[in-house]
Amino acid sequence: MNSGRVAEGSRDVVGQTTETIIGIDTGGTFVDLVVREGDATSAVKVPSDPENLAASVLEGLQQAAADRGCSLGELLGRTSRIVHGSTVATNALLTGDTSKVALLTTKGFRDVVNMRRGVRERGLDSHQSPPRPLVPRRLIHTIDERLDCDGNELRPIDLAELAPVLERLERDGVEAVAICFLFSFLDPSHERQAAAHLHEHLPGVHVSLSSEVLPQVRLYERESTTVVNAAVSPVLDAYLAALDDQLRSAGFQGRLHVMQSNGGICTPEIARRHGVRSVLSGPASAPVAATRIASTHGLPDAICVDMGGTSFDVCLITDGSPRITSLGGIAGYRIAIPMVDIHTVGAGGGSIVEVDSRGVLRAGPSSAGAFPGPACYGRGGTKATVTDANLLLGYIHPERFWGGRLNLDVGAAERAMAAVGRELGLDPAETAYAAYRVVNEAMVDAIREVSVRQGFDPRRFALIAAGGAAPLHVASLADELGFPLVVIPRMASVLCALGGVLSDAKYEFVATLIAVLADVELEVINDRIEQLLAEARATLKAEDVAPDGARFEIHAGLRYVGQFQEVEVDVPRPALDRRLVDEIVEAFHERHEVLNGYQARQHAVELVNLRVVAVARLGDPHLPPVESGAGTAAPIERRPIYWEGMQLAVDVFDGEQDHASHAAIIGPALVEFPTTTILVPPGYALTRDARGNSLLHRAGLATREAMAAVGAPA
Amino acid sequence: MTSSDRVQQVISRAVIVHRLEAITREMGAAMLRSARSPVFAENRDFVTAVFDGRLRMVAQTAYIPVLLGSTPFALEAIAARFEGDIDPGDVFLVNDPYSGNNHLPDLTVVRPVFVDQELLFWALARGHHADVGGLSVGGYNPAARTVWEEGIRIPPVKLYRGGVRNDGVWDLFLANVRLPELVAGDLQCQVGATAIGARAIEATLAAYGRPIVADAVQHHLASSEADMRAQIRSIPDGDYSAERRLDNTEPGADGDRTIRLRVSVRGEEIVFDFEGTSPQIASYHNSTYANTVASCLIALFSVVDPDISMNWGSMQAIRVEAPEGSLASAARDAATSMCTTVTCSVIVEAAWLALAQAIPDRAQALWSRRGIAGVSSGINPRTKRPFAVIHNLSKGGSGATLGFDGWDQLSPVSSTGGRAPDPEIFELSSPHRILGCELRPDSAGAGRWRGGHGGAYRVQFLSATTGVILEPSGVSHDTAPQGVQGGGHGLPAYAEIADVDGSVRRVDQSTIYRPGPGDVLTVELSGGGGYGEAAERPVADVLADVLDDVLSIAKARDVYRVAIDPETFEVDKTETARLRTRRQ
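Every chain begins its residue count from 1, and numbering advances along the sequence as written. The naming scheme follows written order: chains are lettered A onward, ligands numbered 1 onward. Local features in this predicted model are restricted to residues of pLDDT 70 or higher, and side-chain atom pairs are both shown and tallied only at a pLDDT of 80 or more, whereas totals for entire chains, interfaces and linings draw on every residue. As a rule here, side-chain values come from all non-hydrogen atoms in the structure, and water together with hydrogens is ignored.

Draft legend 1. Focus on the overall build of chain B. Scanning chain B for helices and strands turns up 13 helices and 20 strands. For 584 residues, the compact-globule formula gives about 25 Å, and the C-alpha radius of gyration of chain B, at 24 Å, lands near that figure. Each of the three principal axes of chain B carries a C-alpha extent, and together these read 80 × 65 × 40 Å. Counting all 584 residues of chain B, 66% fall into the buried class. Entry remark: accessible area of chain B is about 18600 Å², with carbon and sulfur atoms responsible for 51%. Computed over 55 positive and 71 negative side-chain charges, the inter-centroid distance for chain B is 1 Å. Only DSSP runs of H or I covering at least 4 residues are called helices, and only runs of E covering at least 2 are called strands; the numbering of each starts at the N terminus. In this setup the radius of gyration rests on C-alpha atoms only. A globule is expected at 2.2 Å times the number of residues raised to 0.38. For the exposure calls, accessible area comes from a 1.4 Å probe over protein chains only, and a residue counts as buried if that area is under 20% of its type's maximum, exposed if over 50%, partly exposed in between. Only the protein chains shown count as cover for residues, with accessible areas throughout obtained via the Shrake-Rupley method and a probe of 1.4 Å. Note on charges: Lys and Arg go in the positive column, Asp and Glu in the negative column, and His and the chain ends are not counted at all. Where a charge sits is defined by one atom per residue type, namely NZ (Lys), CZ (Arg), CG (Asp) or CD (Glu).

Draft legend 2. Focus on the pattern of salt bridges. Salt bridges are counted wherever a side-chain nitrogen of Lys or Arg sits within 4 Å of a carboxyl oxygen of Asp or Glu. Going through the model one piece at a time under the given rule, you end up with 65 salt bridges over all chains. Between R138(A) and D548(B) there is a salt bridge, with the nearest N and O atoms lying 2.9 Å from each other. Within this pair, whereas R138(A) is found in the loop between helix 4 (112–115) and strand 7 (140–143), its partner D548(B) is found in the loop between helix 11 (539–547) and helix 12 (553–558), the two belonging to separate chains. Given a relative accessible area of 26%, R138(A) falls into the partly exposed group. Classification of D548(B) by relative accessible area gives buried; the value is 13%. Put simply, D144(A) and R155(A) hold a salt bridge, and the shortest N to O gap is 2.7 Å. Placement of the pair is D144(A) in the loop between strand 7 and strand 8 (146–147) and R155(A) in strand 9 (residues 153–155), with a sequence separation of 11 residues. Residues participating in the shared-partner salt-bridge network are E441(A), D445(A), R448(A), E480(A) and R19(B).

Draft legend 3. Highlighting the interface of chain A and chain B. Any two residues having at least one pair of non-hydrogen atoms within 4.5 Å are treated as being in contact. If you look at the interface, chain A gives 76 residues, while chain B gives 83 residues. Two residues, R117(A) and E42(B), come together in a salt bridge whose shortest N-O distance is 3.0 Å. Definition of a polar contact: a pair of N or O atoms within 3.5 Å, with one able to donate and the other able to accept a hydrogen when the atoms are protein atoms, and with sequence-neighbouring residues admitted only if both atoms are side-chain atoms. Where chain A touches chain B, the interface holds 31 residue pairs in polar contact (both at pLDDT 80 or more). Elements that contribute at least two residues to the side of chain A that touches chain B include exactly helix 4, helix 8 (219–249), helix 13 (428–450), strand 26 (505–516) and helix 17 (578–596) of chain A. Examining the composition of the side of chain A that touches chain B, we find that 7 residues originate from one element, helix 13 of chain A, more than from any other. Residues are grouped as follows: nonpolar covers Ala, Val, Leu, Ile, Met, Phe, Trp, Tyr, Cys and Pro; charged covers Asp, Glu, Lys and Arg; every other residue, Gly included, is treated as polar. Residues that form the side of chain A that touches chain B fall into these classes: 31 nonpolar, 19 polar and 26 charged.

Draft legend 4. Fine view of the nonpolar core. Residues grouped as a nonpolar core are buried Ala, Val, Leu, Ile, Met, Phe, Trp, Tyr and Cys residues, joined through side-chain atoms within 4.5 Å. Grouped together as the largest cluster of nonpolar side chains are 275 residues, with contacts concentrated most on L61(A), I179(A), I525(A), L20(B), F121(B) and F272(B). Per-element tally for this core: the top contributor is helix 9 (residues 342–358) of chain B, with 13 residues. Residue contacts for I179(A): discarding those within four places in its chain leaves L104(A), E191(A), A194(A), A195(A), L198(A), V207(A), S208(A), L209(A), S210(A) and T226(A). Counting 81 residues, the second-largest nonpolar core is a separate cluster that includes L316(A), L392(A), L408(A) and L463(A).

Draft legend 5. Just the sheet that holds strand 17 (residues 494–498) of chain B, in detail. Residues and elements named next belong to chain B. The strand order across the open sheet formed by 5 strands is 14-15-20-17-18, and the pairing between neighbours is antiparallel. Sheet topology places strand 14 (432–439) and strand 18 (504–506) at the edges, where each strand pairs with a single neighbour. On average, each strand axis in the sheet is tilted by 15 degrees relative to the strand beside it, whichever way the strands run. A pair of strands is labelled paired if DSSP reports no fewer than 2 bridges between them. As paired strands, strand 17 and strand 18 are joined by 3 bridges and run antiparallel to one another. From the neighbouring strand, I497 faces strand 18, where its bridge partner is R505. Interaxial angles span 0 to 180 degrees and are taken between N-to-C directions of axes, which are lines fitted to C-alpha atoms, for helices over the stretch in contact.

Draft legend 6. Structural detail: the packing of helix 5 (residues 167–174) of chain B against helix 6 (residues 180–208) of chain B. Residue and element names in this part refer to chain B. Running from amino to carboxyl end, helix 5 crosses helix 6 at an angle of 140 degrees, the nearest separation of the two axes being 10 Å. Taken together, the axis directions place helix 5 and helix 6 in an arrangement best described as oblique. In this structure, the crossing between helix 5 and helix 6 has a hand that is right-handed. Listed contacts from helix 6 to W170, F173 and L174 of helix 5 are P180, V183, A184, L187, Q188 and V191. Across the contact of helix 5 with helix 6, the residue classes break down as 8 nonpolar, 1 polar and no charged. An angle below 35 degrees is treated as roughly parallel, one above 145 as roughly antiparallel, one from 65 to 115 as roughly perpendicular, and anything else as oblique. Rotating anticlockwise by less than a right angle from the far helix to the near helix defines a left-handed crossing, while the corresponding clockwise rotation defines a right-handed one.

Draft legend 7. Main features of the packing of aromatic side chains. Only the six-membered ring of Trp is used, alongside the rings of Phe and Tyr, when aromatic pairs are assigned; centres must lie within 6.5 Å, and planes under 30 degrees apart are stacked while those over 60 apart are edge-to-face, with the rest tilted. In the structure shown here, the tally under the stated rule is 18 aromatic pairs over all chains. Aromatic pair Y395(A) and W643(A): ring centres 6.5 Å apart, planes at 55 degrees, arrangement tilted. Here Y395(A) is found in the loop between helix 11 (386–392) and helix 12 (410–424), whereas its partner W643(A) is found in strand 30 (residues 637–643), with 248 residues between them in sequence. Comparing Y395(A) with W643(A), the two get one shared label, buried. Ring geometry for F40(B) versus F46(B): centroids 5.8 Å apart, planes at 65 degrees, classification edge-to-face. We note that F40(B), like F46(B), is buried. These aromatic residues form a ring-pair network of at least three members: Y395(A), Y433(A), Y436(A), Y642(A) and W643(A).

Here's what the structure looks like:
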């Protein structure tokens, strides 16, 4: 596969004296880079070598330097920051290639992490293997220590008892140790004593404490998260150290930041110690970029979708931030720290189109991947995919795909699709259109999962599309769910890398504090909030993050007394008084109503935990405007496409061609960019905003009316 | 039909079925979020389903499969009782085992969905409540001889009439339970779930129109039926019989407490016939016909293609016959509360052993029965609040199948999606302290593929508690999980109580245990049965279990015929070869 430069919109890369920032996202198929120098932003995409990601990264950087007519050393020499998102930690978990990890836990509780709360998700499927433990039982050691549920010491920790355990850890060649004692979130001293002892006797072994990784109630969740942290931290540590070395020897003198699962970035020192925070490092950054783009239009709420080759990621953005969840996990391992709430389904350009045993047409979740890829790639793939469907429907031009670097084989696509169609009694074009609609429905359902099912109405949201394949489908998704406006970013195909460039530093601090709000002394809560804030300030300072622009969000997890699940609400400012508590409780009642269909005002409300999020701005979070031309867009050709059972002749436009930003292209039309094509269906219109992003909405509306429908200020 | 219409139909069928299934998940998610009892919130002891206007189950989410298979009977009872009196805004409730329920603690809440005054669908949420009054604890009363001693019996009634709360029904019910606030909260949560379901169904009908939705439902049910018929065709014709018995745990139990089952396969039809099963007994183990049907469905669906949807269509080729007044089809006055776990397990065991004769390659070794200790409740002196907690911190092991070891900590089969409580939440809410919660070594049935391990659990009661139901099941060799195809039994379950004064007694009878401060309860559960000969298990897998401390060196030698040095933990290859050859 060729590597190539992909510059969208702003093509004049002018060497500027202002800050140079590079965002890098390493995925399974491509390494994406976005280079921002002052007002100029450009992108590079190179194939990734999963065996040697650092080398692929350097190849991409080399390409970026060549695009600028400078050497790699010159580019890196003037780069102040590199923000890196990678799937290294995720892949380690998915492939089982993690560090050898041991667990120390309270006597009597050896199996909590591997008992998975006694659940098997596909309960009656009797032919499935039990999950492979991340920490096998032989590497779990119990220590005779105990706190009660108020944090009182029932039994002190006896360090002498650790001697035989240390011997075992050494003999077993353990690379990392997780420590998780019962109720340690109330008093971490036993965990700390054990950790100090380990550091002293087993230097070089990574140690993760549950009271540091996730100081929150729920033993299974805390322990599992701590074990994941211990398992991936050394892997990430080694990868980042190697990358840092190579970057520095190539001339980089700036800071290397790492994208975290929570959508913020952190220093490599923190990432290497807290690997669990980076397991969603890659996909978490597209929603960050989407949030920035939405905010330039004053849109508080949006849904970001990222359609790649294999998967479709959906993330809800509300009140100007991507939604965060603590209910997730990776590869069957529970991770209870807050992560950007990304819902993933197997639907993408490479999704295989087939008829299942029940005679129902499917598109995905299985995928042809990059190799052999869709039938039309001509690399030996014989199975029909969504990309083949898009080709047969005329949405993709066979000679202009991927900037013309890959000639698509229409005959191969047709043969593959015909084989599927025969089972349904449909011809290839009909089958392709049915596949197009079925994959759309899978994506619609994924969007519904994060919107409708969480109580959010898509009719109030903008839909923001990332990934090269998305712009062909996104109008149909919007139509089905009633989104008034679709935003297709100028850098849609490299949005994750762009997210890195635009991200803030973000650190989270949690504490469990269970108290009925009507009864508690507010001082107790205020003291705890102050402690968390002090910790947050100290972290920002230690990490050398500029304190200006830093802000601190405070959240409280509340529930009705007697409930088991809390609902999180914002605490607008730190010093609680009774009036502020009333406001918070009011917000809780309303949120409960939205989520669960009722509120119970007669019930007492209880605080369960507190969370402080420290956010520090590291640079300009917005892309600058781009120059726009004058006049109307002129089509470069007219070609037939298949749409809802009909052949339509549509105008095709060159997306790179300048025209007045507000001059609308009316559907049916196709707008081709080097890395993507936008399908404007009949009844839809496309305009462009001042930053070169495309805006898609019903043709009967003016762009500003569509904007207003999703909450943009007039 | 034009080509475009055919395309539209293909799409609509895929979309609508998907959507109805998603609606039942949405209903479940709402229940988990707003629940008040740990039975819902921690244990997920509930199911949700959507039925069409002809009372056919179309879509469902079954955390607790035994609650699901019987839902059609409850809906039929409601529809029959209120024929001509079912209106928009109505919400119905039933818990009577003789109106299609399994047992009293499961409250079934159903809401009809109308379009233009025509009843098109039903949204159903059924869940196990922490209390239904009477002498029961958590809905169970081991001393019950008839249904009247198990709690309040609610025939089909209206909780809401045309959208207006039927206060009399709520007041009457809540006056009969000990934890009214908690029970009312969970009932409200069920009503909310049916409202969410109904709204989503209405939106689907509005988006697609009735004919297209009806076509999709019909197509889905018909193809599910065809799928199941194809699966049954793959089972050789014949009659296959097996029997399993309940443990003798009642004072004065007469001994004949046996489920006798003949599974007959003819072409694409299957019949589960319980002729010869013991008559119903004066204890809470009797299975209602609905519960027996649900148990047969579990047994069958767990050995066929797991992708087949459980709905009206896939149930059409299955018939269940059980003599009225027997343990498998209790008549009007029998107590039934233990039928969803213990008796369901026993029925599933008999069915699996019968099916194992027909399809040995798909045979399922038996699972551990129920977890012995049930719910405890009362007032927690530390928080001064009412509490209810579930004691299934330890669960039993599941049985092995061809190619797969059983799973640790999973049983009973009636409730595969039921979650164990979190130990910290458990101690924070109840006046109990957990002394241990780990896997029980040597509990798994041996085999080429071994069973999963059971859990071992010890809890200390810090203050007096209303009571804990103790139901020792699978406590003898012949009631413990049996292996198949030469696989071994799981270790029988065991429980004991150590009083604060030091006296220890074994739990061998169904009883309500009322602990005093300082008492310690120990529960050790069975592992699942094994599949295939133990001596054929790869040596490396045997060694792995020894290294993980779940298999003793003695059992490795005696049962698996693998010699392991107790000092170095190395396999003695010569000795192992000798042991393994001698056996052949």
